[in-house]
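Coordinate inspection notes
Okay, here's what each chain looks like letter by letter:
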Amino acid sequence: MDKFDQRIIALLCADARLTVTEVARQVNLSRSAVSERIRQLEASGVIQGYHARIAEPAAIVVKAYLELFYKGGRCEQYVERMRAFPEVRRCSGISGETDMLIYLEAASMERLAEVRGEIENLPGVFKVKTHMVVKDWVM
C-alpha cells in the first residue's frame, strides 16, 4: 500500500459517498487508476465495506410530571388518549384532587410545551399543572 492508497482510504473514510472522479481529482490520479486501486483494496480486504454513520438519538433533556384534572370520564379513557404522545412514559391514577399523574420525557422545552398544550386542549380537561424534574436519584 503506497501513499496514493493511503490517501484514497482516508478520503473514503471521511466520506464514503465521494465519487471516483472526486477521489481521482483529490489524489491527482486518473479515474481509471483510482477505480482499479479501490477494486484492489476491496478485493484484498483492506476496504471491507461502506457504511452510513448514524447520529445518536437526541438525548432526552426535559423530564416533567403533569397533574391532570378533568371532568367526567374514567382514567382508562385518558390513558388511551395519552398513548398518542410518544413522550408520555407513564400515567398513574392517584388519590387526592388530582385525577391523573403523567410522567413524560421530551427532547426540548418547546416540545414539552407542545405536548402540554395538546393535553390541555383534550375534551374534559380543565387544568394541567407542570412539575419539572430537576434531578433524579437512582435507588
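Let me begin by describing the structure that accompanies this report. (Residues numbered from 1 in each chain as written. Predicted model: local features only at pLDDT ≥ 70, side-chain atom pairs only at ≥ 80, totals over all residues. Heavy atoms only, no water.)

Re the overall build of the chain
Going by this rule: For helices the rule is a DSSP run of H or I covering at least 4 residues; for strands it is a run of E covering at least 2, with both sets numbered from the N terminus onward. In this setup the radius of gyration rests on C-alpha atoms only. A globule is expected at 2.2 Å times the number of residues raised to 0.38.
In terms of regular secondary structure, the chain is built from 5 helices and 4 strands. Along the chain, helices (α) and strands (β) appear in the sequence α-α-α-β-α-β-β-α-β when read from the amino end. The globule rule puts the C-alpha radius of gyration for 139 residues at 14 Å, and the 27 Å found for the chain is more than 25% above it. Viewed in the frame of its principal axes, the chain has a C-alpha envelope of about 75 × 35 × 25 Å.

Concerning the sheet that holds strand β2 (residues 88-92)
Rules: Here, any two strands with at least 2 DSSP bridges between them count as paired. Here an axis means a line fitted to C-alpha atoms, over the contact stretch when the element is a helix, while the angle between two N-to-C directions is reported on a 0 to 180 degree scale. Residue contacts follow a heavy-atom distance rule, with two residues in contact if any of their heavy atoms lie within 4.5 Å.
With antiparallel pairing, 4 strands are arranged side by side in an open sheet as β2-β3-β1-β4. Single-partner strands in this sheet number two, and they are β2 and β4 (125-132). Averaged over all adjacent pairs, the angle separating strand axes in this sheet is 20°, with direction ignored. In the sheet, strand β1 (residues 62-70) pairs with β4 via 7 bridges, with the strands oriented antiparallel. The partner of Y65 across the bridge, within β4, is H131. Lying over the sheet, helix α5 (residues 109-120) contacts β1, β3 (100-106) and β4, oriented at roughly 155° with respect to β4.

Some points on the pattern of salt bridges
Side chains carrying opposite charge are able to pair once their charged atoms draw close together. Cut-off, in case you're wondering: The term salt bridge refers to a pairing of a side-chain nitrogen on Lys or Arg with a carboxyl oxygen on Asp or Glu at a separation within 4 Å. Each residue is assigned to one of three classes by its accessible area relative to the maximum for its type, calculated with a 1.4 Å probe on protein chains only: buried under 20%, partly exposed between the two thresholds, exposed over 50%.
In this structure the tally under the stated criterion is 13 salt bridges. For D2, the salt bridge is made with R37, and the minimal N-O distance between the two is 2.9 Å. Note that D2 is positioned in the segment before α1 (3-14) and R37 in helix α3 (residues 31-43), a separation of 35 residues in sequence. Taking relative accessible area as the criterion, D2 reaches 31% and is therefore assigned partly exposed. Across the pair K63 and D136 runs a salt bridge whose closest N-O atoms are separated by 3.0 Å. Here D136 lies in the segment after β4 and K63 lies in strand β1, a separation of 73 residues in the sequence. Accessibility expressed as a relative area gives 45% for D136, which makes it partly exposed.

What to know about the packing of α1 against helix α2 (residues 20-27)
For clarity, the cut-off: Any angle that is under 35 degrees is reported as roughly parallel, and any over 145 degrees as roughly antiparallel; angles of 65 to 115 degrees are reported as roughly perpendicular and all others as oblique. Less than a right angle of anticlockwise turn of the near helix away from the far helix marks a crossing as left-handed, whereas a clockwise turn marks it as right-handed.
Running from N to C, α1 and α2 point in directions that differ by 130°, and their axes come no closer than 10 Å. The angle between α1 and α2 falls in the class oblique. The two elements α1 and α2 meet at a crossing, and its hand is right-handed. Contacts from F4, R7, I8, L11 and L12 of α1 reach α2 at V23, Q26 and V27.

Concerning the layout of surface pockets
Empty space among the atoms becomes visible once a probe the size of a water molecule is rolled across them. Put simply, the test is: Detection works on a 1 Å grid of protein atoms alone, calling trapped sets that fit a 1.4 Å probe cavities and calling open sets with protein on both sides within 12 Å along at least five of seven lines pockets, with lining residues defined by an atom within 4 Å of a point. Grid points are joined across faces, edges and corners, and a volume is the space filled by probe spheres set on the points. In this count, Pro and Cys sit with the nonpolar residues alongside Ala, Val, Leu, Ile, Met, Phe, Trp and Tyr, while Asp, Glu, Lys and Arg are called charged and the others, Gly among them, polar.
Space inside the largest pocket adds up to approximately 310 Å³. Taken together, 15 residues make up the lining of the largest pocket; nearest its centre are L12, C13, A16, G49 and H51. Classifying every residue of the lining of the largest pocket gives 9 nonpolar, 3 polar and 3 charged.

In short, geometric facts, not functional conclusions.
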